[in-house]
Amino acid sequence: MEQALSLAKLALGQASPNPAVGAVVVNDDTVVGQGYTQPAGSYHAEIMALQQAKEKARGGALYVTLEPCCHYGRTPPCTQAIVKAGIAEVHMATLDANPLVCGRGKEELEREGIAVHVGEHEEEAREIVETYTKFITTGRPFVTAKFAASLDGKIATRSGDSRWVSSEESRKYVHYLRYINDAVMAGANTILMDDPQLTTRCCGGRGGTAKKQPLRVVVDGTGRIPPTVRLFAEPGSTLVVRSREVTSTEKVAFGKVDVELLELPAEEGIVDPTVLLKALGEREITSVLVEGGGILLGSLFDHGLVDKVIAFIAPIIVGGAEARTAVAGRGFDRIADAFRLQRVRVEAIGEDLVVSGYIER
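Since we're looking at a predicted model, the values are computed, not measured.

**Student:** Hey, could you run me through the pattern of salt bridges in this one?
**Tutor:** Counted under the stated rule, the structure contains 15 salt bridges. For Arg334, the salt bridge is made with Asp337, and the minimal N-O distance between the two is 3.1 Å. Judged by relative accessible area, which is 36%, Asp337 ranks as partly exposed. Taken together, the salt bridges that share partners define one network made up of Lys146, Arg178 and Glu291.

**Student:** Looking at this model, I keep getting lost on the environment of Cys202. Mind explaining?
**Tutor:** As for its placement among the helices and strands, Cys202 is situated in the loop between helix 8 (188-194) and strand 8 (205-206). Considering only alpha carbons, one finds Cys202 and Tyr173, 29 residues apart in sequence, at a separation of 9.1 Å. Contact partners of Cys202, with chain neighbours within four places excluded, come to His175, Tyr176 and Tyr179.

**Student:** How should I be thinking about unusual backbone geometry in this particular structure?
**Tutor:** The omega torsion across Ser16 and Pro17 is 10°, close enough to zero to call that bond cis. Mapped onto the secondary structure, Pro17 falls in the loop between helix 1 (2-10) and strand 1 (22-27). Geometrically, the link from Gly292 to Gly293 is a cis peptide bond, its omega value of 5° lying close to zero. Located in the positive-phi region is His121, a residue other than glycine, with phi close to 55°. Inspection of the secondary structure puts His121 in the loop between strand 5 (115-118) and helix 5 (122-128). Looking at His121, the relative accessible area reads 35%, which means it is partly exposed. For Arg343, which is not a glycine, the phi torsion comes out positive at approximately 50°. Position of Arg343 among the secondary structure elements: in strand 17 (residues 341-349).

**Student:** I keep staring at the pairing of strand 7 (residues 183-187) and nothing clicks. Help me out?
**Tutor:** In the case of a regular strand, side chains alternate between the two sheet surfaces. Of all 5 residues in strand 7, 5 are buried; the element is thus mostly enclosed. In strand 7, alternate side chains face the same way, and those of Ala183, Met185 and Gly187 on one face and Val184 and Ala186 on the other are all buried.

**Student:** Help me understand the packing of aromatic side chains, please; the structure alone is not making it clear to me.
**Tutor:** Two aromatic rings are characterised by how far apart their centres lie and by the angle between their planes. Inspection of the entire model under this criterion finds 6 aromatic pairs. A centroid spacing of 5.7 Å and a plane angle of 75° characterise the contact between Phe232 and Phe254, whose relative ring orientation is edge-to-face. Here Phe232, found in the loop between strand 10 (215-219) and strand 11 (238-242), pairs with Phe254, found in helix 9 (residues 248-256); they are 22 residues apart in sequence, far enough to count as distant. Phe254 matches Phe232 in its accessibility class, with the two residues each being buried. With centroids separated by 5.6 Å and ring planes inclined at 45°, the aromatic side chains of Phe301 and Phe339 adopt a geometry described as tilted. Here Phe301 is found in helix 11 (residues 294-302), whereas its partner Phe339 is found in the loop between strand 16 (308-314) and strand 17, with 38 residues between them in sequence. With relative accessibility at 34%, the residue Phe339 sits in the partly exposed group. Following the ring pairs from residue to residue traces out a cluster consisting of Tyr173, Tyr176, Tyr179 and Phe312. Sitting over the face of the ring of Tyr358, Arg343 holds its NZ or CZ atom 4.0 Å from the ring centroid.

**Student:** How should the packing of helix 2 (residues 45-53) against helix 3 (residues 78-85) be read in this particular structure?
**Tutor:** Between two packed helices, both the angle of their axes relative to each other and the distance between the axes serve to describe the pair. Where helix 2 contacts helix 3, the two axes come as close as 9 Å, and the packing angle between them is 20°. In this view, helix 2 runs roughly parallel relative to helix 3, as classed from their interaxial angle. With respect to the hand of their crossing, helix 2 and helix 3 are arranged in left-handed fashion. In this structure, helix 2 uses Glu46, Ile47 and Leu50 to contact helix 3, whose residues at the interface are Cys78, Ala81, Ile82 and Ala85. Across the contact of helix 2 with helix 3, the residue classes break down as 6 nonpolar, no polar and 1 charged.

**Student:** In this structure, what is going on with the sheet that holds strand 4 (residues 89-92)? I would like to understand it.
**Tutor:** Whether parallel or antiparallel, the strands of a sheet pair through hydrogen bonds between backbone atoms. Pairing within the open sheet is mixed, and its 5 strands lie in the order 2-1-3-4-5. The open sheet is flanked by strand 2 (30-36) and strand 5, the only strands paired with a single partner. Across the sheet, the mean angle from the axis of one strand to that of its neighbour is 15°, orientation sign disregarded. Packing of helix 1 onto the sheet brings it into contact with strand 1, strand 2 and strand 3 (61-64), and relative to strand 1 it is tilted by some 145°. Strands in contact with helix 2 are strand 1, strand 2 and strand 3; relative to strand 2, the strand with the most contacts, it is inclined by about 140°.

What counts, and at which threshold
Residues numbered from 1 in each chain as written. Predicted model: local features only at pLDDT ≥ 70, side-chain atom pairs only at ≥ 80, totals over all residues. Heavy atoms only, no water. Salt bridge = Lys/Arg side-chain N within 4 Å of Asp/Glu carboxyl O. Buried < 20%, exposed > 50% of the residue type's maximum accessible area, 1.4 Å probe, protein only. Helix = DSSP H or I, 4+ residues; strand = E, 2+ residues; numbered from the N terminus. Contact = heavy atoms within 4.5 Å. Phe/Tyr/Trp six-rings, centres within 6.5 Å; stacked < 30°, edge-to-face > 60°. Lys NZ or Arg CZ within 6 Å of the ring centre and 35° of its normal. Axes fitted to C-alpha atoms, helices over the stretch in contact; angles between N-to-C directions. Parallel < 35°, antiparallel > 145°, perpendicular 65-115°, else oblique. Left-handed = near helix turned anticlockwise from the far one by under 90°. Nonpolar A, V, L, I, M, F, W, Y, C, P; charged D, E, K, R; others polar. Pairing = 2+ DSSP bridges.

Here it is in structure tokens:
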């Protein structure tokens, strides 16, 4: 199962909106086939492993990180392929939260006389498919709030300078985070002050297939960002979200840089994040990495829409009462009401500490 989990991680960033799954076929204590989920519309992990195993799959065991599908989607059911291959037993790390599957795949295999075991390395397997699980059960993307801050909680100086709060090693890791997410989101102030690219410059491709860039989502409620900012010239697609009506002149200008404009309702110039996430879910965006700034993150926290936090803490003191902090918004009156993280992890990357965890519901 550990090998299957390693394979599943290889599918992160290219399997969406399908879950990232790994599969291994074993016969006579020998690995005879293995695979991981291919891009949507292509083979699932189980099919990749069974095709590699061929006749050696008969009488063997299949180790798979997620319950095999039992319905017709973009591809036929994996359960039928498993039965046809003559697999004798299936070890699945966790059940699929998809209402079309959710235990039905397990039951179908058992009806065919296949021994089924569930629960090996379940927690790790669930984490790999956490974005898929959120999307398939709610229709909304999984939201990760990412920010880099000093020890005193500043993301920039009082003049707005923020290059660079985090270390080079941390910034390289952020490129990986962008790679495994469907979309990267930032607010207008971040774009105007930092002029970021918001692209992933790692993991250029596996097997000769280049990884497309994540969708860049720019939340610009009042329409301050001009079509000349750097990220509009970067490869990949960009969606600019507005709260006011787009003029005909703006449509022409943004059309020239191939930027899509989307108008959504807002309160006091701030786009309604609930409506925004619903709109992204309708586009089959299963995961969003939110990179700031404080107003956007504050709005998402205020509406209870953040699922996970990844904070890079740099060993520096910035100071300044007017220096920007990572999360603005309304916040709370009492510490007791503050959002708390569970399943917290702390690790060192370069000179920084990275604190990650899930919002306690």
